[in-house]
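As a plain string of letters, each chain reads:
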Amino acid sequence: MPLTVRGMTIPTLEDLPPCRKVLVRIDVNSPIDPASGEILDVTRFKAHLATLRELAAQSAVVIMSHQGRPGEPDFTHLQRHAEVLSRLLGLNVEYVDDVIGPEALRRIRGLKPGRILMLDNTRIVSEDYIEAPAEVHARGIMVSRLHPLFDCYVNDAFAASHRSQASIVGFPLKLPSAAGRLMEAELRALSRVIDSPERPKVYVLGGSKLKDMLSVIENLVKTGGADWILTTGLTALLFLEAKGVDVGEAKKALVSKGGHVLLERARGLLSHTDRILVPEDFKVERRGSVEVVPATRIEGTPKDIGPETVEKYSSILSKARLVVMKGPAGVVEDPRFREGTRRLVEAALSSGAFTLFGGGHFNVIISELPAELRSRVGHISTAGGALVYMLSGRPMPGLEALAKSLLIHARHPGQGGSRGPEGGR
Ligand code: 3PG
């Protein structure tokens with residue numbers, strides 16, 4: 001059954017016609033140790049396993065992903081990614097160090113149902129690193145060379161679907177296409193948060209990505225999408241400074257992230273709503289020791305929210321029906337400053353609200369909680385930028401392309417639903 005998100009109808013795996021050979025775009029772009037090339041976090045790999053297993057049960061599966069950006073230290077080939085997927089899937093994932101050249105085409109042509117082949121980093125093809133409309137990419141070299149070899153295309157790369165790049169937006173215009181299981185889970189969680197009439201909706205927004213958080217808050221204020229916006233991290237310090245509080249040493253960090261322009265935006269938001277809350281106190285590091293200081297007299301470097309803030313925010317969270325937490329409340333890499341984030345996560349989970357978490361830090365914090373609380377997690381998103389785009393109301397070209405695919409490749413009732421080996425190439 002297709003699902004509806006932000007007014008778009010997105011096909012799911014049930015809506016695909018029989019499919020002998022499928023091209024699946026995943027996003028296993030992960031932190032890499034620059035010295036050894038080792039993959040440091042396999043969370044994104046694990047999130048795609050359900051889709052890959054389901055597709056491999058009926059089809060020959062060809063996987064595409066990007067890793068890093070050209071010129072950056074984490075821009076690498078995907079040999080190790082294929083090895084990690086093989087290990088986690090318990091199935092052999094073959095690898096070819098080519099994307100659209102003769103060797104890739106030969107290996108794709110020869111791939112039998114039940115086999116899995118991973119192509120090299122899509123961004124070694126320059127077309128996959130430019131933003132262009134789906135129609136342009138659909139006529140481009142990557143899509144023109146590859147699409148005739150497949151019966152269908154699956155986009156499981158929610159985390160990259162804010163990009164209008166060839167491997168994301170080009171194929172749906174040429175092949176019957178669908179969202180994979182991870183994409184579906186991300187969209188169901190987000191549509192529950194964005195579209196549901198359940199109230200109160202509480203957003204806890206922290207971390208250090210100020211521009212991202214401001215665009216999310218601007219959208220929430222514009223659409224009335226939140227009952228409370230609880231700020232933490234550098235975002236909280238920006239709003240405190242906007243309220244005229246001297247945030248001391250932390251001002252340097254604000255200035256380095258865009259200072260006056262961001263302050264003006266924060267002031268504009270505060271003049272429109274009283275639903276944006278700031279912390280009462282902080283845990284600071286000062287001359288090597290940890291102290292709690294009031295938010296009106298910050299001395300030292302703020303590294304976590306303080307106990308009064310935890311109490312106040314937890315009380316609001318306890319009445320919530322929907323909670324979104326994006327970005328940590330403190331410097332959670334340091335165990336001395338992890339408590340604020342952990343306590344807010346506990347409060348959100350104990351409330352019985354549907355909870356959506358965004359950001360890798362939450363995986364670590366949630367993995368340390370008792371099983372009973374862990375079982376209450378609604379969804380932990382694998383996305384960074386894409387989640388911000390969704391929450392900010394910005395366009396999502398990857399989703400738009402899937403919705404277009406449904407119109408272009410419209411099927412008659414009864415044609416979808418059984419992806420067996422009888423169809424295709
Ligand atoms: C991400 O990690 O946010 C996605 O993989 C997208 O990567 P990009 O920002 O390099 O396009």
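Residues numbered from 1 in each chain as written. Predicted model: local features only at pLDDT ≥ 70, side-chain atom pairs only at ≥ 80, totals over all residues. Heavy atoms only, no water.

Right, let's get into the site of the ligand. The ligand sits among Asp27, Asn29, Arg44, His66, Arg69, Arg123, Ala159, Arg163 and Gly385. Here Arg123 contributes a side-chain N or O atom positioned 2.8 Å from an oxygen atom of the ligand. Between Arg163 and the ligand, the recorded distance is 2.7 Å, taken from a side-chain N or O atom to an oxygen atom. Burial of the ligand by the protein chains amounts to 87% of its free accessible area of 310 Å². Of the residues in the shell around the ligand, the class split is one nonpolar, three polar and five charged. (Near = heavy atom within 4 Å. Polar contact = N/O pair within 3.5 Å; in protein donor to acceptor, adjacent residues only side chain to side chain. Areas by Shrake-Rupley, 256 points an atom, 1.4 Å probe, with all protein chains shown as cover. Nonpolar A, V, L, I, M, F, W, Y, C, P; charged D, E, K, R; others polar.)

For the protein chain, the domain assignment lists domain 1 (3-183 + 395-411) and domain 2 (187-391). On a C-alpha basis, the centres of domain 1 and domain 2 stand 33 Å from each other. On the domain 1 side of the contact with domain 2, Arg6, Phe158 and His162 bury the most area, a combined 36% of that side's loss. Along the contact surface separating domain 1 from domain 2 lie zero salt bridges. (Domains from an automatic or database assignment. Buried area = accessible area lost by both parts, 1.4 Å probe. Salt bridge = Lys/Arg side-chain N within 4 Å of Asp/Glu carboxyl O.)

Across the sheet, which stays open at both edges, the six strands sit in the order E11-E10-E9-E15-E16-E17 with parallel pairing between neighbours. In this open sheet, the two edge strands, each paired with only one partner strand, are strand E11 (276-277) and strand E17 (379-381). Pairing of strand E15 (residues 322-326) with strand E16 (residues 354-358), which is carried by five bridges, proceeds in the parallel orientation. Its bridge partner being in E16, Lys326 is matched across the sheet by Gly358. In this fold helix H17 (residues 385-392) packs onto strand E9 (201-205), E15, E16 and E17, with an angle of close to 135° to the strand it touches most, E15. (Pairing = 2+ DSSP bridges. Helix = DSSP H or I, 4+ residues; strand = E, 2+ residues; numbered from the N terminus. Contact = heavy atoms within 4.5 Å. Axes fitted to C-alpha atoms, helices over the stretch in contact; angles between N-to-C directions.)

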